[in-house]
Amino acid sequence: GYCVEGTLAKHILSEPSEVVTISGQRIPLRMSVDYISFSAHTDYEQTSEFIRTLNPPHIVLVHGEQNEMMRLKQALLREFEDNEDLQPVFHTPRNTQAVELYFRGEKMAKVMGSLASQPPKNDHIVSGILVKRGFNYHLMHPKDLNNYTELSTTSVTERQKLHCTVPSHLLLHYLTQLSPDTTPIMVHGQQALRMFDGAITICHSFDSVTIEWVSDGVNDMYADAVLSVILKLSTDTKKLESAAEVKQELIHKKRDLPFPEKVMNLMTEMFGSQNVRWCTELDTDIIVITVDTSKAVLNARTMHVECSDESLHHLVLTAAKRLQSSLECFT
């Protein structure tokens, strides 16, 4: 059946001489490989016939790899290029990318529920679900569907369990690099971590890790990133534990330094000693960073940055806050 890019199954389809197991062991491939499609999805002929029957103005291709979607798009464009009565616009958005569709003429919609709790503002985009009832259009938040329509919403909670013997402190260390807001919690008396503003929960036992999240486009990508970190830790535990110990040792050596001095060291490493200085005219906690003609003034205690250059402002503020988050994990 279908195999996702980057998986062991996809790699085996190329019939390599050896494969790498989840434990990192290389073993010879001693098997024959055949591909048989068990897909219940429509094939190209059925899809093109479906489009020809509906004659839609827009077609959005989703739920597929980017290369395959582009191949399908090009094939459909060739299919209908000589058909003057059927010239749909094809869209191939990436994950979480919004698709804007423009309709001829004006359509009036009544905003209802929580979306109508505040008066509209100029140039403010109102986002919700457009529901047509008879000849009227209503715009509402998805959570209000139960109250104003006969429709209902549901959520899908996904859970994946992996074999994992990585120590808790090492798991916390590397997941914090992925999401600085990673917080240790207890769930039903079991050690757990909460990440990405509570979107992902990870329960850690002696020999396994269970990842749980409410499925949507963004949370699914968060979960994929967490899975990648855990799988990497499972295969290279000793190597990554050594790296974590070295990093923690460096942090311990500098732990006695006041936090503003740690920020000063970081800025000096990033921009060079010739471009970073203490602002003795104002306050000992104020750091001035100069890059070409741009200047940023950072308060190393309040994390407030003043800078007219937006990119430099973002770079300085992000680096300082990440340093603060990293140090908080070891205090």
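Each value, and the rule that gives it
Residues numbered from 1 in each chain as written. Predicted model: local features only at pLDDT ≥ 70, side-chain atom pairs only at ≥ 80, totals over all residues. Heavy atoms only, no water. Patch = residues over 30% accessible without salt bridge, like charges linked within 9 Å, V, L, I, M, F, W, Y side chains within 5 Å. Areas by Shrake-Rupley, 256 points an atom, 1.4 Å probe, with all protein chains shown as cover. Salt bridge = Lys/Arg side-chain N within 4 Å of Asp/Glu carboxyl O. Lys, Arg positive; Asp, Glu negative; His and termini not counted. Charge placed at Lys NZ, Arg CZ, Asp CG, Glu CD. Helix = DSSP H or I, 4+ residues; strand = E, 2+ residues; numbered from the N terminus. Buried < 20%, exposed > 50% of the residue type's maximum accessible area, 1.4 Å probe, protein only. Axes fitted to C-alpha atoms, helices over the stretch in contact; angles between N-to-C directions. Parallel < 35°, antiparallel > 145°, perpendicular 65-115°, else oblique. Left-handed = near helix turned anticlockwise from the far one by under 90°. Contact = heavy atoms within 4.5 Å. Nonpolar A, V, L, I, M, F, W, Y, C, P; charged D, E, K, R; others polar. Expected span 1.5 Å × (residues − 1). Arc of directions from axis to C-beta. Phe/Tyr/Trp six-rings, centres within 6.5 Å; stacked < 30°, edge-to-face > 60°. 1 Å grid on protein atoms, 1.4 Å probe; cavity = no way out; pocket = protein on both sides within 12 Å on 5 of 7 lines; lining within 4 Å. Points joined across faces, edges and corners; volume = space filled by probe spheres on them. Core = buried A, V, L, I, M, F, W, Y, C linked by side-chain atoms within 4.5 Å.

### Here we look at a negative patch on the surface
Item 1. Together, E81, D82, E84 and D85 line one region of the surface with negative charge.
Item 2. Its location among the elements puts D85 in the loop between α3 (66-80) and β4 (89-91).
Item 3. Look at D85 and you get exposed, because its relative accessible area is 67%.

### Considerations on the packing of helix α5 (residues 168-178) against helix α6 (residues 217-235)
Item 1. Two elements in contact, α5 and α6, have axes separated by 10 Å at closest approach and are oriented at 140°. Between α5 and α6, the crossing angle belongs to the class labelled oblique. In this structure, α5 crosses over α6, and the sense of that crossing is right-handed. Between α5 and α6, the contacting residues are L170, L171, Y174, L175 and L178 on the first element and A225, V226, V229, I230 and L233 on the second.
Item 2. Split into classes, the residues belonging to the contact of α5 with α6 amount to 10 nonpolar, no polar and no charged.

### Quick word on α3
The α-helix advances 3.6 residues per turn, and as a result positions three or four apart in sequence lie on the same side.
Item 1. The terminal C-alpha atoms of α3, which comprises 15 residues, lie 21 Å apart, in line with the 21 Å expected from a rise of 1.5 Å per residue.
Item 2. Every buried residue of α3 is accounted for by M69, K73, A75, L76 and F80. Down the axis of α3, the smallest arc covering the buried residues is 170°, so these residues share one side. Within α3, the exposed residues directed more than 90 degrees away from the buried face are N67, R71 and R78.
Item 3. On the buried face of α3, the contacting elements are α2 (44-54) and β4.

### Topic: the packing of aromatic side chains
Item 1. Across all of its chains, the model carries 1 aromatic pair by this definition.
Item 2. Centroid distance F196 to Y222: 4.0 Å. Interplanar angle 5°. Geometry classified as stacked. Remark: Y222 occurs in helix α6 and F196 occurs in the loop between β10 (190-195) and β11 (200-204); sequence separation between them is 26 residues.
Item 3. Given a relative accessible area of 14%, F196 falls into the buried group.
Item 4. By relative accessible area, Y222 is classed as partly exposed at 29%.

### Side note on the environment of L115
Item 1. By the element assignment, L115 lies in the loop between β5 (109-111) and β6 (129-133).
Item 2. Sequence-wise, L115 and S127 are 12 residues apart; in three dimensions their C-alpha atoms are separated by 8.4 Å.
Item 3. If we ignore the near neighbours within four places in the chain, the residues touching L115 are V126, S127, G128, L139, M140, H141 and D144.

### Looking at the layout of surface pockets
Item 1. The space that makes up the second largest pocket amounts to roughly 710 Å³.
Item 2. What lines the second largest pocket is a set of 17 residues, and nearest its centre among them are L101, F103, V126, L130 and L139.
Item 3. Counting residues per element, the ones that place at least two in the lining of the second largest pocket are β6 and β7 (136-140).
Item 4. Among the residues forming the lining of the second largest pocket, the class breakdown is 12 nonpolar, 3 polar and 2 charged.

### Notes on the nonpolar core
Item 1. Ranked by size, the top nonpolar core spans 22 residues in total, and within it L171, L175, I200, I202, I211, V226 and I230 carry the most contacts.
Item 2. For this core, the secondary structure elements donating two or more residues are α5, β10, β11, β12 (208-214) and α6.
Item 3. Broken down by element, the residue count for this core peaks at 6 residues, all from α6.
Item 4. Setting aside residues up to four positions removed in sequence, I200 forms contacts with L193, R194, M195, I211, E212, W213, N219, Y222, A223 and V226.

### Examining the pattern of salt bridges
Item 1. Under the definition given, this model contains 6 salt bridges.
Item 2. Among the ionic pairs, E79 bridges to R52, the shortest N-O distance being 2.7 Å. Of this pair, E79 sits in helix α3 while R52 sits in helix α2, and the two are 27 residues apart along the sequence.
Item 3. Residue classification places E79 among the partly exposed positions, given a relative accessible area of 35%.
Item 4. Residue class for R52 comes out partly exposed when judged on its relative accessible area of 33%.
Item 5. Overlapping salt bridges bring together E49, R52 and E79 as one network.

Nothing here speaks to function; it is geometry throughout.
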